[in-house]
Amino acid sequence: MSTANPTDLTAWLGRQQQHSDIIEVGKARAFAATLDWRADRTDTLVAGGPLPWPWHWLYFLEYPVAARLAVDGHAKKGDFLPPVTLPRRMWAGSRLQFFDSLRIGDKARKVSTIQSIKQKRGSSGELVFVTVLHKLLAEREQAKECLVCTEEQDIVYRQMPSTTATPASKNPSSQHQLQGLKAQWSEVVTTSPVLLFRYSALTFNSHRIHYDRQYAIEQEGYQGLVVQGPLTASLLLDFAYQHLPDSRLSRFEFKGLKPATGHQLQLQGCMDEQDEQKVQLWALDEQGQLVMQAMATLKNLEESCFATN
């Protein structure tokens, strides 16, 4: 039996942890600067104003002491997350539903529960997927809490690549995965080491694949520094906001399909031909290969919801 087999990890199912935070404006403005927002957009980040989704990833962070870090820079496993023995760990995707906004200045709480642990086998070998359900609650009138968002987050653990493995070839299924989608909007973003460093700093993410090029290549087998999955997702949703500035958001989901390791990402998107409330979004690497696919679901303006920007 594999040491990563989820039958060994059933004690972690249902495990919970909580983090409280204040949605302070400084961190939001720092991320706006990281995304190179214009002044007129940054001016919306004021006390009482809505925090753009999914900027909640900048808050409710863990701050493990240096002694609790593994060689890859991540916190050691076995506290909240189960002690999966597979060494490589990535954020594979999320499914978010929004009920209200987080507001600048809010006192808020995130409750996280381990929802499932599943073992699979892929072309790269053994995989373990851990799904964590996050619930975000914000204080409102008379300190009563309001559920503002739920998020199902998928974390994937995998083996280190073989030292004899050949570099991955282009993914021939990219166009199939896009199912004939044609971009209405397109933008190229430079994913410089500075951008990756700033996002890692804002999210207190010390995973070395995002800033230690030698480690990323020699130890984990990547082609270079890896763009953070939630950064790519945030870029895609901000890209949609720019083209649909008056929209309101109900749901957002994304799935990482391939590590992004180049110097540029091409963000693309279009309105769904079958459903006018859905926006299809995707990101391509420098070789034109699909690295992430996402979908935003909009609310009708007359429905009760929040402004996204």
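For the structure, see preceding data.
Computed from a predicted model, the values in this text were never measured in an experiment. (Residues numbered from 1 in each chain as written. Predicted model: local features only at pLDDT ≥ 70, side-chain atom pairs only at ≥ 80, totals over all residues. Heavy atoms only, no water.)

(A) Molecular detail of the overall build of the protein. Assigned secondary structure in the protein consists of 6 helices and 10 strands. Expressed as a percentage of contacts within the protein between residues at least 6 apart in sequence, the contacts between residues at least 24 apart total 72%. For the protein, the accessible surface area stands at approximately 15300 Å², while carbon and sulfur atoms represent 50% of it. (Helix = DSSP H or I, 4+ residues; strand = E, 2+ residues; numbered from the N terminus. Contact = heavy atoms within 4.5 Å. Areas by Shrake-Rupley, 256 points an atom, 1.4 Å probe, with all protein chains shown as cover.)

(B) Region of interest: the environment of V226. Secondary-structure assignment places V226 in the loop between α5 (213–218) and α6 (229–243). The exposure class of V226 is buried, given its relative accessible area of 1%. For the pair formed by V226 and T191, sequence separation is 35 residues and the distance between their alpha carbons is 9.4 Å. Sequence-distant contacts of V226, defined by excluding residues within four places in its chain, comprise M90, L196, I209, H210, P259, A260 and T261. (Buried < 20%, exposed > 50% of the residue type's maximum accessible area, 1.4 Å probe, protein only.)

(C) Seen up close, the packing of helix α1 (residues 25–34) against helix α4 (residues 193–202). With their axes 10 Å apart at the nearest point, α1 and α4 run at an angle of 165° to one another. Taken together, α1 and α4 sit at an angle that is classed as roughly antiparallel. Here α1 runs over α4; the crossing is left-handed. Here α1 contributes K27, A30, F31, A33 and T34 to the contact with α4, which in turn contributes L195, R198, Y199 and L202. (Axes fitted to C-alpha atoms, helices over the stretch in contact; angles between N-to-C directions. Parallel < 35°, antiparallel > 145°, perpendicular 65-115°, else oblique. Left-handed = near helix turned anticlockwise from the far one by under 90°.)

(D) Molecular detail of the sheet that holds strand β1 (residues 16–22). Reading across the sheet, the 10 strands line up as β1-β3-β4-β5-β2-β7-β10-β9-β8-β6 and stay open at both edges, with antiparallel pairing between neighbours. The open sheet is flanked by β1 and β6 (185–190), the only strands paired with a single partner. Taking each pair of neighbouring strands and ignoring which way they run, the sheet shows an average axis angle of 20°. Of the pairings in the sheet, the one linking β1 to strand β3 (residues 107–122) comprises 7 bridges and is antiparallel in character. Across the sheet, Q17 pairs through a bridge with S112, a residue of β3. Each of β2 (88–98), β6, β7 (248–256), β8 (264–271), β9 (278–284) and β10 (290–299) touches α6; the most contacted strand, β8, lies at about 45° to it. (Pairing = 2+ DSSP bridges.)

(E) Focus on the nonpolar core. Formed by 54 residues in total, the largest nonpolar core has its most connected members in W53, W55, L102 and F252. With 8 residues, the single largest contributor to this core is α6. Within the second largest apolar cluster, 13 residues are counted, among which are L9, L81, V84 and V128. (Core = buried A, V, L, I, M, F, W, Y, C linked by side-chain atoms within 4.5 Å.)

(F) Quick peek at the pattern of salt bridges. For the structure on display, the rule yields 11 salt bridges. Note that D154 is salt-bridged to R95, the shortest N-O span being 2.7 Å. Within this pair, whereas D154 is found in strand β5 (residues 145–158), its partner R95 is found in strand β2, the two being separated by 59 residues in sequence. Residues participating in the shared-partner salt-bridge network are R95, E152 and D154. (Salt bridge = Lys/Arg side-chain N within 4 Å of Asp/Glu carboxyl O.)

(G) Region of interest: the packing of α4 against α6. The N-to-C vectors of α4 and α6 enclose an angle of 105°; their axes lie 10 Å apart at closest approach. If you check the angle between α4 and α6, you find them roughly perpendicular. Contact residues: L195, L196 and Y199 in α4; P230, L231 and S234 in α6. Looking at the contact of α4 with α6 residue by residue, the class counts come to 5 nonpolar, 1 polar and no charged. (Nonpolar A, V, L, I, M, F, W, Y, C, P; charged D, E, K, R; others polar.)

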